[in-house]
Amino acid sequence: MNQDKSEAVDFIFREMLIKGVTIEDLCKRWGGEFVSKKGAIVSKTLPFDVLYQSGAVCSYKAFGDVPIAVCVKNCFIALCDLPQKLSFPKALQETALVKFNNNSANMGVLKIWDFLFENAEAINNELTLLGGQKIDFSSAYWIYSHLRGKRVLYFENGVTRFAPRCEKLNVRPMCLLP
């Protein structure tokens, strides 16, 4: 489906949700009957938009497309941490390999981590609903920062601290949108 058609379908779907119109209502209007091949359709909008593998960004769980990130505060947040704890330099390298709509990721800036911590329950609920991994806010995560020196920022339990660049911490790829 081309991008314009996809955007039109997303618009129609949002309008149907707002007005309480179901897929069954739409089918009946055209003299048909809805028969689901893939199971129930989620008709509830999610608290945060979702980036799908196709490049579509929707406010609902889309069937037939693979979710890869949630979008909060104009930032894509990967559904899962990188598989292992990394030093700061290695985290920079590995997150740069992660792409969201052709934009390289990093470890997220402080204002995003503050927002995530303040909305931890909603964020983690959506991440798990989409098949992702909860952010363990009691654990330490690197923050993308331009600080020079041997120590850089990390985030743990809602607090930012400094750690040596060689320390190995969790990494959640994120990408601020331009």
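Residues numbered from 1 in each chain as written. Predicted model: local features only at pLDDT ≥ 70, side-chain atom pairs only at ≥ 80, totals over all residues. Heavy atoms only, no water.

A.B. asks: What is the right way to look at the pairing of strand E1 (residues 49-52) in this model?
C.D. replies: Each regular strand shows side chains that alternate between the opposite faces of the sheet. As judged from the four bridges shared by E1 and strand E3 (residues 67-72), these two strands associate in the antiparallel manner. Note on E3: the bridge partner recorded for Val50 is Val70. As judged from the two bridges shared by E1 and strand E2 (residues 57-58), these two strands associate in the antiparallel manner. Its bridge partner lying in E2, Leu51 is registered against Val57. (Pairing = 2+ DSSP bridges. Helix = DSSP H or I, 4+ residues; strand = E, 2+ residues; numbered from the N terminus.)

A.B. asks: Would you mind going over the environment of Phe115 with me for this structure?
C.D. replies: When you line up the elements, Phe115 lands in helix H4 (residues 110-118). Here the alpha-carbon distance between Phe115 and Lys73, two residues 42 residues apart in the chain, equals 8.1 Å. Look past the residues within four positions of Phe115 in its chain and what remains in contact with it is Phe48, Val72 and Lys73. (Contact = heavy atoms within 4.5 Å.)

A.B. asks: Honestly, the confidence of the model for the protein in this entry has me stumped. Any pointers?
C.D. replies: Close inspection of predicted coordinates is inappropriate for parts of the model with low pLDDT. When pLDDT is averaged along the protein, the result is 86; 87% of the residues meet or exceed 70. Segment residues 37-43: pLDDT under 50, and nine contacts once partners within four positions in sequence are set aside and those in other chains are kept. (pLDDT = per-residue confidence, 0-100.)

A.B. asks: Whenever I open this one, the sheet that holds strand E9 (residues 159-164) confuses me. Can you help?
C.D. replies: Each strand in a sheet pairs with its neighbour through backbone hydrogen bonds, running either in the same direction (parallel) or in the opposite one (antiparallel). What the three strands build is an open sheet, ordered E7-E8-E9; its pairing is antiparallel. On the outer flanks of this sheet lie strand E7 (141-142) and E9, each paired with one strand and no other. Set on the sheet, H4 makes contact with E7, strand E8 (151-156) and E9; between it and E8 the angle comes to about 15°. (Axes fitted to C-alpha atoms, helices over the stretch in contact; angles between N-to-C directions.)

A.B. asks: Hey, could you run me through helix H5 (residues 120-129) in this one?
C.D. replies: Residues three or four positions apart in an α-helix share a direction because the helix packs 3.6 residues into each turn. Within the span of H5, buried status applies to Ala120, Ile123, Asn124, Glu126 and Leu127. What you see down the axis of H5 is that its buried residues fit within an arc of 165°, all on one side. For H5, the elements touching its buried residues are E1, E3, strand E4 (75-78) and H4. Taken from the residues just after H5, Gly131 is the one with a positive phi, measuring 90°. (Buried < 20%, exposed > 50% of the residue type's maximum accessible area, 1.4 Å probe, protein only. Arc of directions from axis to C-beta.)

A.B. asks: Would you explain the sheet that holds strand E10 (residues 174-176) in this entry?
C.D. replies: In spatial order, the strands read E2-E1-E3-E4-E10; together these five strands make up an open sheet with antiparallel pairing. Looking at which strands have only one partner, the edges of the open sheet turn out to be E2 and E10. Against the sheet, H5 makes contact with E1, E3 and E4, and its axis sits at roughly 160° relative to E3, the strand it touches most.

A.B. asks: For this particular structure, what's the right way to read the nonpolar core?
C.D. replies: Side chains that are nonpolar tend, in soluble globular proteins, to be buried together. Residues Ile77, Trp113, Leu116 and Ile135 are the most contacted members of the largest nonpolar core, which totals 29 residues. For this core, the elements supplying multiple residues, two or more each, are E1, E3, E4, H4, H5 and E8. For this core, the leading source of residues is H4, giving four residues. When residues no more than four places from it in sequence are discounted, the contact partners of Ile77 are Ile68, Ala69, Val70, Val72, Ile112, Leu116, Arg172, Pro173 and Met174. Counting twelve residues, the second largest nonpolar core, distinct from the first, contains Leu82, Leu86, Phe88 and Tyr154. (Core = buried A, V, L, I, M, F, W, Y, C linked by side-chain atoms within 4.5 Å.)

A.B. asks: Got a minute to help me understand the pairing of E9 in this structure?
C.D. replies: When E8 meets E9, the two strands line up antiparallel, connected through six bridges. Its bridge partner being in E9, Glu156 is matched across the sheet by Val159. The turn joining E8 and E9, which pair antiparallel and follow one another in sequence, is formed by two residues; a positive phi near 55° is taken by Asn157.

A.B. asks: Which parts of the structure should I look at to understand the pattern of salt bridges?
C.D. replies: Pairs can form between side chains of opposite charge whenever their charged atoms are close. Tallied over the full model, the rule gives four salt bridges. Among the salt bridges present, the one from Glu156 reaches Arg161, with a minimum N-O distance of 3.5 Å. By relative accessible area, Arg161 is classed as partly exposed at 36%. (Salt bridge = Lys/Arg side-chain N within 4 Å of Asp/Glu carboxyl O.)

A.B. asks: Which parts of the structure should I look at to understand the packing of aromatic side chains?
C.D. replies: What characterises a pair of aromatic rings is the spacing of the ring centres plus the angle enclosed by the ring planes. According to the stated counting rule, one finds seven aromatic pairs in the structure shown. Residues Phe48 and Phe115 carry aromatic rings whose centres are separated by 6.3 Å and whose planes lie at 85° to one another, so their mutual orientation is edge-to-face. On the criterion of sequence distance, the pair formed by Phe48 in the loop between helix H2 (23-29) and E1 and Phe115 in helix H4 is long-range, its members being 67 residues apart. Accessibility assignment for this pair places Phe48 and Phe115 in one class, buried. Members of the aromatic cluster, each reached through a chain of ring pairs, are Trp113, Phe117, Phe137, Tyr141 and Phe155. (Phe/Tyr/Trp six-rings, centres within 6.5 Å; stacked < 30°, edge-to-face > 60°.)

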